[in-house]
Amino acid sequence: MHAEYAIIGGTGVYDPAMLQDAERHTIETPYGTAEVTLGTYAGKRVAFMPRHGYKHSVAPHKINYRANIRALKQLGVHTVLATAAVGSLKKELAPGDLVLVNDFLDMTKSRPQTFYEGAPEGVVHIDMTDAYCGRIRSHLAAVAEGQNIAVKQDGVYVTTEGPRFETPAEIRLYAAWGGDVVGMTSVPEVILAKESEMCYATVAMVTNYCTGISAHPLTHQEVVDTMKENVQKIRELFFHAIES
Ligand code: HPA
C-alpha cells in the first residue's frame, strides 16, 4: 500500500469521487486505526481520508488526529491537501468563499498535539514559521488562478475546541486577535503533519458568518448546505493541483 498525495475531507467532503480503482483500507498505527480510501488520479496514488468518518460520526475533539496523520505517513504520503468548513470573522469573507490558510491561533483544550511526548521519540520543539507548507500553498494559488477558481490568499484559522459554536464575545476576541476564520479541526492536524515532515495545506470553505456577525443563530445544517453547494470548487482545485 502506497500513496504520494492525501486529501483530508472535512465536513461535507466524504466522497472520494474522481479516484480510480478506489479501495477502502483500515490502517493500523501505534496510535490506533485510521480509515482511508486509496486510488489513482492522473497516474498519482492518492489517499482520501474523511476526517469525521464516512458518516460524519466523529466529533472534532474526538478525532484521532495522531492515528490519521501517522497512517498517511506510513503510506508514504508527502503532500496533504485538507479541506475545512469554517465560519467567517470578517464581512469581506462571505459564505462560499475559499481561503488558503497560512497560519493558526490555537484555542483547543483537550487534544494530544504531538508525536513527541518524551522517550522513546524524545522531546522536539517544532518550528511553526511556515506552519502550512509554502510550497503547496504557492502551487494551489497558481492552480486556482489558472482554473479561474477564486481563492483568498492567506488567512488565520482560529481552532476552537467545539463541538459547540462560539459565543459573540469569543468571536469579538478572535477578530481583535487577527483571526480570519474559525473552525474546529486544523489544530492539531497541521502540527502533526509538520512533525511528520509532510507538506500540508488547508483550503477552508466559508460556510457561514460567525456568531454575532451572522444575522441568525448557527446550525450545523447551514454549514453542510453551504459546503454542498460549493464543494465542487475544492474538488477541482485539489485534483488539478495533484495532476500538475
Ligand atoms: N465556528 C466554528 N466552526 C465552524 C463554523 C463556525 O462558525 N462554521 C463551520 N465550522
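Everything numeric in this text was worked out from a predicted model, so none of it was measured. (Residues numbered from 1 in each chain as written. Predicted model: local features only at pLDDT ≥ 70, side-chain atom pairs only at ≥ 80, totals over all residues. Heavy atoms only, no water.)

A. Here's a closer look at the nonpolar core. By size, the foremost hydrophobic cluster in this structure holds 38 residues, and its most contacted members are L72, L75, V77, V80, Y132 and Y200. If we ignore the near neighbours within four places in the chain, the residues touching L75 are M1, H2, A3, I27, V36, L38 and A47. Counting 32 residues, the second largest nonpolar core, distinct from the first, contains A141, A144, V203 and V231. (Core = buried A, V, L, I, M, F, W, Y, C linked by side-chain atoms within 4.5 Å. Buried < 20%, exposed > 50% of the residue type's maximum accessible area, 1.4 Å probe, protein only. Contact = heavy atoms within 4.5 Å.)

B. Seen up close, the pairing of strand β11 (residues 199-209). Burial analysis of β11 places eleven of its eleven residues in the buried class, which makes it a mostly covered element. Examined bridge by bridge, strand β6 (residues 98-100) and β11 share three bridges and lie antiparallel to one another. By the bridge assignment for β11, L100 is matched with V203. (Helix = DSSP H or I, 4+ residues; strand = E, 2+ residues; numbered from the N terminus. Pairing = 2+ DSSP bridges.)

C. Region of interest: the packing of aromatic side chains. On inspection of all chains with the given rule, the structure shows five aromatic pairs. Arranged with centres 4.6 Å apart and planes meeting at 65°, the rings of Y41 and F239 form a pair that is edge-to-face. Linking Y41 in strand β3 (residues 32-41) with F239 in helix α5 (residues 220-243), this pair joins segments that are 198 residues apart in sequence. Judged by relative accessible area, which is 5%, F239 ranks as buried. An aromatic cluster of three or more residues is present, and its members are F104, Y132 and Y200. (Phe/Tyr/Trp six-rings, centres within 6.5 Å; stacked < 30°, edge-to-face > 60°.)

D. Region of the structure containing the site of the ligand. Taken together, 13 residues sit near the ligand, with A85, V86, G87, E166 and N208 positioned nearest. Within the side chain of E166, one N or O atom sits 2.8 Å away from a nitrogen atom of the ligand. N208 places a polar side-chain atom, nitrogen or oxygen, 2.7 Å from a nitrogen atom of the ligand. Relative to its free-state accessible area of 260 Å², the ligand is covered by the protein chains to the extent of 95%. At the level of elements, β5 (79-88), β10 (181-183) and β11 are the ones that each hand at least two residues to the shell around the ligand. A per-element tally of the shell around the ligand places β5 first, with three residues. (Near = heavy atom within 4 Å. Polar contact = N/O pair within 3.5 Å; in protein donor to acceptor, adjacent residues only side chain to side chain. Areas by Shrake-Rupley, 256 points an atom, 1.4 Å probe, with all protein chains shown as cover.)

E. Inspection of the pattern of salt bridges at higher detail. As enumerated under the stated definition, the model contains eight salt bridges in all. Here K90 makes a salt bridge to D180, at a shortest N to O gap of 2.5 Å. Linking K90 in the loop between β5 and β6 with D180 in the loop between α3 (168-176) and β10, this pair joins segments that are 90 residues apart in sequence. Residue class for D180 comes out buried when judged on its relative accessible area of 11%. D154 is the partner of R137 in a salt bridge, and the nearest nitrogen-oxygen pair spans 3.8 Å. Highlighted residues: R137 in helix α2 (residues 134-147) and D154 in the loop between β8 (151-153) and β9 (156-160), separated in sequence by 17 residues. The buried category is assigned to R137, whose relative accessible area is 14%. Taken together, the salt bridges that share partners define one network made up of D130, R137 and D154. (Salt bridge = Lys/Arg side-chain N within 4 Å of Asp/Glu carboxyl O.)

F. Quick peek at the side chain of E195. Mapped onto the elements, E195 comes out in helix α4 (residues 186-195). The charged side chain of E195 is buried without a salt bridge, its nearest counter-charge being R70 at 7.0 Å. Reaching out from E195, the side chain makes a polar contact with the side chain of T114 at a distance of 2.6 Å. (Lys, Arg positive; Asp, Glu negative; His and termini not counted.)

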